[in-house]
Structure formats: C-alpha cells, structure tokens
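Descriptive analysis of the structure
Listed below, chain by chain, are the residues.
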Amino acid sequence: TMITRVAIIMGWAVVIIGSWVGGEMIAQLGHNVGVADGKEGLPLVNWSTKGGDLRVAHFFGLHGIQIIPLVGLWIQNKLGSTSRNSLIVTIAFAILYAALIGFTFYQAKQGIPLFKM
C-alpha cells in the first residue's frame, strides 16, 4: 500500500542519516565525546553514561528501516489502510523519529550522555 511504500522510503532516508553518523565516528576516530572510548556504560549496549556517545544516534538511524515501516503497519492496522490519517500519522512518526536521531546526535556532540549515571 501507499503507507508501506512511504514508510520504507522514509526508513531508508533515516538509514542514510544513521550511516552519516557512522562516518562522523570514523572521522573523529572514536564514538565517545568528552570521555575516552571503551569505558563501562549502559548494560547490553555499553553506551557511555559519563560523556556523549555517537553510537546512540547511529543505532537509531540504522534501525529506522525496521522501526518506521513496522510502526507504519501498526498505524495502518489501527486507522485503516486507505485512511489519509494513517499516511499523515506515519509521516509524522518518521519525522519525529528523525528528530530523535538529530537530538541524540547533538546531545552526544555536546558530550552529554543519553542517561547520566
């Protein structure tokens, strides 16, 4: 359907943003900002709790191709596959998701961790 196509296209756009964040990590020769790489961090993902960590934005960016279409399908099932509102809500979600990536990237570049512990 149209909603699925739009969600996949927007997911790919977000993946490109996430890949660009990966390039930023390569350019600065590390993923942390304000602290040394390799220190203890959040359980499971090991994201820094002391300084900025570009892996947060990179993670959400790369998984946008999965998350945005899945949310689009869920919205489509709730609001209807031919509903104009389904398309609008899916696009709004994708824009907010991209804004989350932008925010976590900005936060990391300022040396601020996602969760300070």
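As a reminder, the structure under discussion sits directly above these lines.
Overview of the structure. (Residues numbered from 1 in each chain as written. Predicted model: local features only at pLDDT ≥ 70, side-chain atom pairs only at ≥ 80, totals over all residues. Heavy atoms only, no water.)

Enumeration according to the criterion identifies two salt bridges in this entry. Among the ionic pairs, Glu-24 bridges to Lys-109, the shortest N-O distance being 4.0 Å. Placement of Glu-24 in helix 1 (residues 2-27) and of Lys-109 in helix 4 (residues 84-109) is noted, with a sequence separation of 85 residues between them. One salt bridge in this structure joins Asp-53 and Arg-55, with 2.7 Å as the shortest N-O distance. A relative accessible area of 3% places Asp-53 in the buried class. (Salt bridge = Lys/Arg side-chain N within 4 Å of Asp/Glu carboxyl O. Helix = DSSP H or I, 4+ residues; strand = E, 2+ residues; numbered from the N terminus. Buried < 20%, exposed > 50% of the residue type's maximum accessible area, 1.4 Å probe, protein only.)

Time to look at the environment of Phe-93. Relative to the assigned elements, Phe-93 resides in helix 4. In the structure, Phe-93 is positioned 37 residues away from Val-56 in sequence and 19 Å away in space, judged by C-alpha atoms. Aside from chain neighbours lying at most four places away, what touches Phe-93 is Ile-67, Ile-68 and Val-71. (Contact = heavy atoms within 4.5 Å.)

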